[in-house]
Amino acid sequence: MEVSRIENLPPPPGIISSIKAGFDVIASHITAIFLPLLLNLFLWLGPRLQFGTLYKSIESDMVTIWQAGQIPANDIETMLDAYNRAAQSFNLFGLMRTLPVGISSLFTPNQGAFTTPLGDPTVLQVTGLSLPLWFILLILIGWVGGAFYFRNVAWAALAEKITAAGSFRLVIQTIMVSILCNLILITIAVPVFLILFVAIQINALLANLIVLFMALGSAWVFVPLFFWAHGVFLNRQNVLTSMLSSIQLTRFTLPTSSLFVLTIFLLSYGLNFLWRIPSLDSWLTLLGIFGHSFVTTALLAGSFIYYHDMNAWVQAVLEKLRPNNILKQA
């Protein structure tokens with residue numbers, strides 16, 4: 001009876017088939033890549049928002065504080081050089097790429113200074129008063145844009161199987177998911193770095209072993225976080241219900257789901273090297289931007305399909321394993 005019950009279980013969704021389905025969906029709904037395409041073009045050809053002038057205004061005060069702390073002159077010079085380079089290259093507009101829900105982007109805030117086919121971009125400078133306002137505004141834009149991006153991709157991937165939620169509700173839930181997710185990551189990161197710092201002071205081998213064990217256990221953290229927002233967009237769940245659904249999915253499918261998340265990460269991260277081959281002052285970068293926008297959107301669609309199908313599979317398995325069903329089969 002036990003063998004028969006196991007043999008009758010439906011096969012779980014495949015990783016490759018889910019990713020392939022995501023590519024097929026986006027190829028049929030190419031407009032889903034509009035938001036990442038627009039963000040990439042803005043970060044490439046648009047103006048830069050930097051804090052170089054603000055840094056210069058407080059540089060002398062920083063040096064005074066470091067000297068009062070008896071920091072060696074060589075170390076001060078090294079830090080000044082690093083801060084100068086960061087102030088001249090960091091683009092605050094890159095903060096619109098938010099995690100875990102956000103519009104995918106090929107360009108990072110610390111992309112560095114570069115010339116575009118249109119020439120040197122316009123550089124805007126923030127002030128001490130406007131910096132926190134810009135910070136809040138850009139992250140808020142990223143959250144709102146991410147909510148619409150995820151909704152469009154989810155709708156394109158599973159239009160016949162889901163009921164779309166209202167835009168306002170999705171934006172609110174997206175903001176809550178993003179805030180809670182970042183708080184969880186910060187809460188985990190602080191003790192982890194403290195443990196690693198203490199371990200390095202004791203023994204380098206001990207620190208490497210701790211890193212290894214943490215890497216093995218990280219799947220229990222990153223896989224649920226990866227799927228945390230999916231229930232919001234597919235099942236109209238609130239942030240807490242979606243979190244519990246993600247944890248349940250991870251509990252029953254951890255090996256397969258971990259491999260799926262790893263595959264998504266490797267494809268996205270690895271192909272970024274290909275998209276960045278053209279020089280940023282060449283119009284060939286348009287090919288990289290289009291490729292990045294298409295692939296990342298297709299991978300996101302594949303993750304929605306995998307989440308939906310895997311949840312259906314888990315429910316089917318649990319239904320078959322219920323005592324009443326076992327007695328009927330017996």
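Just above sits the structure.
Conventions we followed
- Along each chain, residue indices are assigned from 1 in the same order as the chain's sequence is written.
- Since the coordinates come from a predicted model, pLDDT governs what is reported: local features require at least 70, and pairs of side-chain atoms require 80 or more to be given and counted, while whole-chain, interface and lining totals use all residues.
- As a rule here, side-chain values cover all heavy atoms of the structure and leave hydrogens and water aside.
- Secondary structure elements are taken from DSSP: a helix is a run of H or I of four residues or more, a strand is a run of E of two residues or more, and numbering for both begins at the N terminus.
- Three exposure classes are used, based on accessible area relative to the maximum for each residue type with a 1.4 Å probe and protein chains only: buried under 20%, partly exposed in between, and exposed over 50%.
- In this analysis, two residues are considered to be in contact whenever any of their non-hydrogen atoms come within 4.5 Å of each other.
- For the accessible areas, the method is Shrake-Rupley and the probe is 1.4 Å, while residue cover comes only from the protein chains on display.
- Counted as positive: Lys and Arg. Counted as negative: Asp and Glu, with His and the chain ends omitted from the count.
- Taken as the charge location is NZ of Lys, CZ of Arg, CG of Asp or CD of Glu.
- Grid points spaced at 1 Å and placed over the protein atoms alone form the basis of the search, with a cavity being a set where a 1.4 Å probe fits but cannot get out and a pocket an open set showing protein on both sides within 12 Å along at least five of seven lines. Lining residues have an atom within 4 Å of a point.
- Grid points are joined across faces, edges and corners, and a volume is the space filled by probe spheres set on the points.
- Under the scheme applied here, ten amino acids are nonpolar (Ala, Val, Leu, Ile, Met, Phe, Trp, Tyr, Cys and Pro), four are charged (Asp, Glu, Lys and Arg), and all others, including Gly, are polar.
- Should a side-chain nitrogen of Lys or Arg be within 4 Å of a carboxyl oxygen of Asp or Glu, the pair is scored as a salt bridge.
- Here the nonpolar core consists of buried residues drawn from Ala, Val, Leu, Ile, Met, Phe, Trp, Tyr and Cys, with membership extended through side-chain atoms lying within 4.5 Å.
- Working definition: a ring pair exists when centres of Phe, Tyr or Trp rings (six-membered ring for Trp) sit within 6.5 Å. Plane angles under 30 degrees give stacked, over 60 give edge-to-face, the rest tilted.

A. Quick look at the overall build of the chain. When helices and strands are tallied, the chain shows 13 helices and 2 strands. In the chain, buried positions account for 41% of the 330 residues. In the chain, of all internal contacts separated by at least 6 residues, the share reaching a separation of at least 24 is 82%. About 18100 Å² of surface is accessible on the chain, with carbon and sulfur atoms providing 70% of the total. Taken as two groups, the 15 positive and 13 negative side-chain charges of the chain have centres that lie 15 Å from each other.

B. Structural context of unusual backbone geometry. The peptide bond linking Leu-99 to Pro-100 adopts the cis configuration, its omega dihedral lying at 0°. Mapped onto the secondary structure, Pro-100 falls in the loop between helix 5 (73-89) and strand 2 (123-125). Even without being glycine, Gln-70 reaches a positive phi, approximately 60°. In this structure, Gln-70 sits in the loop between helix 4 (52-68) and helix 5.

C. Structural view of empty space enclosed by the protein. Evaluation of the coordinates by the stated rule reveals 2 cavities of 30 Å³ or more. In this structure, the largest cavity occupies an estimated 70 Å³ of space. Taken together, Leu-43, Arg-48, Ser-89, Asn-91, Gly-94, Phe-107, Thr-108, Pro-109, Gln-111, Gly-112 and Phe-114 make up the full set of residues lining the largest cavity. Classifying every residue of the lining of the largest cavity by side-chain character gives 4 nonpolar, 6 polar and 1 charged.

D. Representation of the pattern of salt bridges in the model. Across all of its chains, the model carries 3 salt bridges by this definition. Glu-59 is paired through a salt bridge with Lys-56; the nearest N and O atoms lie 3.8 Å apart. A residue pair is termed a helical-turn pair when its members lie 3 or 4 positions apart in one helix, as Glu-59 and Lys-56 do in helix 4 at 3 residues. A relative accessible area of 45% places Lys-56 in the partly exposed class.

E. Highlighting the nonpolar core. Residues Ile-26, Phe-227, Phe-233 and Phe-304 are the most contacted members of the largest nonpolar core, which totals 65 residues. For this core, the secondary structure elements donating two or more residues are helix 2 (15-28), helix 3 (34-45), helix 6 (130-158), helix 7 (167-202), helix 9 (219-227), helix 10 (230-234), helix 11 (239-275) and helix 12 (285-320). Here this core takes 15 residues from helix 12, the largest share from any one element. Setting aside residues up to four positions removed in sequence, Ile-26 forms contacts with Ala-32, Ile-33, Phe-294, Thr-297, Ala-298 and Ala-301. Counting residues in each nonpolar core, the second largest holds 7 residues, with Met-62, Trp-66, Ile-76 and Leu-80 among its members.

F. Spatial organisation of the packing of aromatic side chains. The final tally for this structure, using the stated rule, is 19 aromatic pairs. Judged by centre distance (5.1 Å) and plane angle (75°), the ring pair of Phe-42 and Phe-93 falls under edge-to-face. With a gap of 51 residues between them, Phe-42 in helix 3 and Phe-93 in the loop between helix 5 and strand 2 connect regions that are remote in the sequence. Their ring planes at 25° and their centres at 5.9 Å tell us that Phe-227 and Tyr-307 sit as a pair that is stacked.

G. Here's a closer look at the environment of Trp-66. By the secondary structure assignment, Trp-66 is in helix 4. Taking the C-alpha atoms as reference points, Trp-66 and Ile-76, separated by 10 residues in sequence, lie 7.2 Å from one another. Discounting residues that sit within four places of it in the chain, Trp-66 has contacts with Ile-71, Ile-76, Met-79, Leu-80 and Tyr-83.

H. Focus on the environment of His-230. Turning to its location among the elements, His-230 is positioned in helix 10. Given a relative accessible area of 1%, His-230 falls into the buried group. For the pair formed by His-230 and Val-153, sequence separation is 77 residues and the distance between their alpha carbons is 11 Å. Each residue touching His-230, except ones within four places of it in the same chain, is listed here: Asn-235, Ser-242, Ser-303, Phe-304 and Tyr-307.

I. Representation of the layout of surface pockets within the structure. Each pocket or cavity is described by its volume, and for the largest pocket that value is around 1500 Å³. Every residue lining the largest pocket is counted, 44 residues in all, and those nearest its centre are Arg-97, Leu-99, Pro-100, Phe-226 and Phe-265. Going through the elements one at a time, helix 6, helix 7, helix 9, helix 11 and helix 12 are the ones with two or more residues in the lining of the largest pocket. Of the residues in the lining of the largest pocket, the class split is 27 nonpolar, 15 polar and 2 charged. Volume-wise, the second largest pocket comes out at about 260 Å³. As for the second largest pocket, its lining consists of Leu-185, Ile-188, Ala-189, Val-192, Phe-193, Val-211, Met-214, Ala-215, Ser-218, Val-221 and Phe-222.

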